[in-house]
Amino acid sequence: VQLQASGGGLVQAGGSLRLSCAASERTLSSYILGWFRQAPGKEREFVAGFSWGGGSTDYADSVKGRFTISRDNAKNTMTLQMNSLKPEDTAVYYCAAGAPILRGVVTTPSKYNYWGQGTLVTVSS
């Protein structure tokens with residue numbers, strides 16, 4: 001599976017951005033899916049994700065109520081709507097897919113097999 005993330009950019013605090021992830025194969029529903037981010041000097045961290053089949057979603061506590069993950073199986077895409085952005089949201093954002101070997105939403109980066117190239121989100125104060 002090849003993933004292509006897009007939609008990053010520079011935005012002021014309080015603003016919004018919408019990230020998109022396009023998959024090369026029409027089997028996105030067969031994978032666990034997630035968004036991760038990595039800020040300079042920090043480890044990659046979970047942001048939001050779907051369980052296999054999309055029945056469940058989960059969010060990092062730091063983005064709950066502000067970010068919304070969605071998917072369109074027909075278009076083979078996943079999106080991350082980010083509202084009320086804060087400077088601490090500044091990071092490179094990655095979309096990822098993985099084999100459904102675990103139940104529920106998987107928050108560990110090492111459990112994902114496929115990664116997009118990342119898209120930079122910069123939030124100015």
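Here's what I pulled together on the structure shown here. (Residues numbered from 1 in each chain as written. Predicted model: local features only at pLDDT ≥ 70, side-chain atom pairs only at ≥ 80, totals over all residues. Heavy atoms only, no water.)

## With respect to the overall build of the protein chain
Link 1 in the chain: A count of helical and extended segments in the protein chain gives 0 helices and 11 strands.
Link 2 in the chain: Whereas a compact globule of 125 residues would reach a radius of gyration of roughly 14 Å, the protein chain reaches 13 Å, a difference of no more than 12%.
Link 3 in the chain: Projected onto its principal axes, the C-alpha coordinates of the protein chain cover approximately 40 × 25 × 25 Å.
Link 4 in the chain: Considering the protein chain as a whole, with its 125 residues, one finds that 42% of them fall into the buried category. (Helix = DSSP H or I, 4+ residues; strand = E, 2+ residues; numbered from the N terminus. Rg over C-alpha atoms; globule rule 2.2 N^0.38 Å. Buried < 20%, exposed > 50% of the residue type's maximum accessible area, 1.4 Å probe, protein only.)

## Thoughts on the sheet that holds strand β1 (residues 3-6)
Link 1 in the chain: Pairing is antiparallel in the open sheet, where 4 strands are placed in the order β1-β3-β8-β7. Where the open sheet ends on each side, the last strands, each with one partner, are β1 and β7 (67-72). Strand-to-strand twist across the sheet, computed as the mean angle between neighbouring axes with direction ignored, equals 15 degrees. (Pairing = 2+ DSSP bridges. Axes fitted to C-alpha atoms, helices over the stretch in contact; angles between N-to-C directions.)

## Section: the pattern of salt bridges
Link 1 in the chain: Summed over the entire model, instances satisfying the criterion amount to 4 salt bridges.
Link 2 in the chain: In this structure, glutamate 45 engages arginine 37 in a salt bridge whose closest nitrogen and oxygen atoms are separated by 2.6 Å.
Link 3 in the chain: Residues arginine 66 and aspartate 89 are paired through a salt bridge, measuring 2.7 Å at the closest nitrogen-oxygen approach. Taken together, the positions of arginine 66 in the loop between β6 (57-59) and β7 and aspartate 89 in the loop between β8 (77-82) and β9 (91-98) put the pair 23 residues apart, joining distant regions of the chain. (Salt bridge = Lys/Arg side-chain N within 4 Å of Asp/Glu carboxyl O.)

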